[in-house]
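Chain residues, written in single-letter form:
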Amino acid sequence: MTQRSINADRLLGHLNALGQIGRDEAGRLVRLAASDADRAGRDAVASWMRDAGLQVVVDRVGNLFGLSHDAAEPGAAPIMLGSHIDSVIDAGIYDGCYGVLAGLEVIQTLRELGITPARPLAVAAFTNEEGVRYAPDMLGSLAYVGGLSVDDALATIGTDGSVLGAELQRIGYAGTAEPGFLRPHAYVELHIEQGPVLEREGLRLGAVENLQGISWQRVTIDGVANHAGTTPMSMRHDAGQAAARVITFLRDRVAGANAPTVATVGCLSFEPNAINVIPSRATFTVDLRDPDETRLLAEEAALARYLEELAIAEEVTISVERLARFQPVTFDAGIVALIEAAAAARGLRSRRMTSGAGHDAQMLARICPAAMIFVPSIGGISHNPREHTPDADLVAGANVLLDTVSRLCAG
Ligand code: HGY
Ligand code: MN
Ligand code: MN
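Residues numbered from 1 in each chain as written. Chains lettered and ligands numbered in written order. Predicted model: local features only at pLDDT ≥ 70, side-chain atom pairs only at ≥ 80, totals over all residues. Heavy atoms only, no water.

Draft legend 1. Here's a closer look at the coordination of the manganese ion (ligand 2). At this site the manganese ion (ligand 2) is bound by His 84 (NE2), Asp 95 (OD) and His 191 (NE2), with donor distances of 2.1 to 2.3 Å. The sequence motif formed by the donor residues of the manganese ion (ligand 2) is H-x10-D-x95-H. The metal-metal distance between the manganese ion (ligand 2) and the manganese ion (ligand 3) is 3.5 Å, with Asp 95 coordinating both. With a gap of 11 residues between them, His 84 in the loop between strand 3 (79-83) and helix 3 (97-112) and Asp 95 in the loop between strand 3 and helix 3 connect regions that are remote in the sequence. Its relative accessible area of 0% is what places His 84 among the buried residues. Classification of Asp 95 by relative accessible area gives buried; the value is 7%. (Donors = N, O, S within 2.8 Å, 3.2 Å for Na, K, Ca; no water. Helix = DSSP H or I, 4+ residues; strand = E, 2+ residues; numbered from the N terminus. Buried < 20%, exposed > 50% of the residue type's maximum accessible area, 1.4 Å probe, protein only.)

Draft legend 2. Broad picture of the environment of Glu 105. Note that Glu 105 resides in helix 3. Relative accessible area serves as the criterion here: at 1%, Glu 105 is assigned to the buried category. Put simply, Glu 105 and Leu 11 are 94 residues apart on the chain and 6.3 Å apart in space, counted from C-alpha to C-alpha. Each residue touching Glu 105, except ones within four places of it in the same chain, is listed here: Ile 6, Asn 7, Arg 10 and Leu 11. (Contact = heavy atoms within 4.5 Å.)

Draft legend 3. Fine view of the packing of helix 3 against helix 12 (residues 391-410). Two elements in contact, helix 3 and helix 12, have axes whose closest approach is 9 Å; the angle formed by their N-to-C orientations is 55°. As summarised for this structure, helix 3 and helix 12 are arranged oblique, according to the angle between their axes. Both helix 3 and helix 12 take part in a crossing whose hand is right-handed. Between helix 3 and helix 12, the contacting residues are Tyr 98, Ala 102, Gly 103, Val 106 and Leu 110 on the first element and Asp 393, Leu 394, Gly 397, Ala 398, Leu 401, Leu 402, Val 405 and Ser 406 on the second. Grouping the constituent residues of the contact of helix 3 with helix 12 by class yields 9 nonpolar, 3 polar and 1 charged. (Axes fitted to C-alpha atoms, helices over the stretch in contact; angles between N-to-C directions. Parallel < 35°, antiparallel > 145°, perpendicular 65-115°, else oblique. Left-handed = near helix turned anticlockwise from the far one by under 90°. Nonpolar A, V, L, I, M, F, W, Y, C, P; charged D, E, K, R; others polar.)

Draft legend 4. Main features of the site of ligand 1. Close to ligand 1 lie Glu 129, Glu 130, Asp 137, Trp 216, Arg 289, Ala 357, Gly 358 and His 383, which account for all nearby residues. The contact in question runs from a nitrogen atom of ligand 1 to an N or O atom on the side chain of Glu 129, over 3.1 Å. In this structure, Asp 137 approaches ligand 1 through a side-chain N or O atom, which is 3.4 Å from an oxygen atom. Bound to the protein, ligand 1 loses 95% of the 220 Å² it would expose on its own. Of the residues in the shell around ligand 1, the class split is 2 nonpolar, 2 polar and 4 charged. (Near = heavy atom within 4 Å. Polar contact = N/O pair within 3.5 Å; in protein donor to acceptor, adjacent residues only side chain to side chain. Areas by Shrake-Rupley, 256 points an atom, 1.4 Å probe, with all protein chains shown as cover.)

Draft legend 5. Here's a closer look at the domain arrangement of the protein chain. Segmentation of the protein chain into domains returns domain 1 (8-212 + 328-410) and domain 2 (217-326). Centre-to-centre, using C-alpha coordinates, domain 1 lies 34 Å away from domain 2. In this assembly, 13 residues from domain 1 lie in contact with 9 residues from domain 2. Of the roughly 870 Å² buried between domain 1 and domain 2, counting both surfaces, carbon and sulfur atoms make up 60%. At the junction of domain 1 with domain 2, the criterion picks out 0 salt bridges. The interface formed by domain 1 and domain 2 includes 2 residue pairs in polar contact (both at pLDDT 80 or more). Its residues assigned to classes, the side of domain 1 that touches domain 2 comprises 7 nonpolar, 4 polar and 2 charged. (Domains from an automatic or database assignment. Buried area = accessible area lost by both parts, 1.4 Å probe. Salt bridge = Lys/Arg side-chain N within 4 Å of Asp/Glu carboxyl O.)

Draft legend 6. Just helix 10 (residues 333-345), in detail. End to end, helix 10 covers 18 Å across 13 residues, agreeing with the expected 18 Å (1.5 Å per residue, within 8%). For helix 10, the set of buried residues is Ile 335, Val 336, Ile 339, Ala 342 and Ala 343. Down the axis of helix 10, the buried side of the element spans an arc of 125°, and every buried residue falls inside it. Looking at helix 10, the residues exposed on the side facing more than 90 degrees away from the buried face are Ala 333 and Ala 344. (Expected span 1.5 Å × (residues − 1). Arc of directions from axis to C-beta.)

Draft legend 7. View of the coordination of the manganese ion (ligand 3). Protein coordination at the manganese ion (ligand 3) comes from Asp 95 (OD), Glu 130 (OE), Glu 130 (OE) and His 383 (NE2), with a distance range of 2.1 to 2.6 Å. Binding-site remark: the manganese ion (ligand 3) is held by donors from one chain whose sequence spacing is D-x34-E-x252-H. A residue is classified by how much of its surface remains accessible, and Glu 130, at 8% relative accessible area, is buried.

Structure representation (structure tokens):
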């Protein structure tokens, strides 16, 4: 059977065009959920969906869908592809966007080849996957699968004090479809690995069989502002020092454990944030992840114990707010096997692997069989403008997605 292929130039053209949408005055890619930059990106993707002959639908939490109803069984549950187009701050151009645009490309290719799949096809761009502006991450897909009420999702307050529902209204993406309006037969997400494994092992593709648990917390430490010059060290209630001890505690504990656990303090702010004032308040985030739920719970408990002891030792007050908590997810073994077979049929060496990053697929897995396909990230770099995947790998991944969809339809 001659192997079908997606339109590589069109996919790469869309990827690079979308990668230029949402640049700030410094040239950084910052397409935060429900921002003007996100609107511009959504408008572009929606227009490409229409160009492909798809019906464009937006649901109440802004999830954007392209639907192709051409199918042998038009009323059957669709195969859904997709990811997200919102980004982190100073992002690369592939994270999320690749999965949305490759999903669109696969559907457009099948339509152009005149192939009528057994089932309808859909491609989704889920709202606020990154969770940088609104917590939790994967908010749009979480609401889509019923893990968060629509009202709670729309009432979410952003790090900038904005309200998600009002922002979606403002950018014109407060849709009317009820999240969950389509229950997929299966969901397959193509994504860059964002880690070093595939490149290190010289492999072209990853069949992702599971995804690690995620714990996000915001910690606030309240001490006492005082004069940096006149206050003896023994009399200080230094929120800044206490925060530094937590950061070091996390790194030393996780680095010392013979486990895949990872810990990150990505946001940190002091008040009053003045060079000669002992910080009265330190606010920071803790991102803990582990593929094993028991270990993740143990790390959360160890942090909680440390914070209690620290509050006494430093004579400060410490409060913690839960921002996100998702258990590890195992993907559908049948789809994982289809992905491996599709890769092998194209002579692409692949391996099964765990996703270190969170993805919308972990939410869709709650309502349908789901799995992911990874392509290599050069240097394992992501959430960084240096994020890069060679064009040949991007095209190969999209062709494996195409074959996986065909096999799912045949199956
Ligand atoms: O945080 C994550 O893993 C994803 O990029 N939202
Ligand atoms: Mn992503
Ligand atoms: Mn990301």
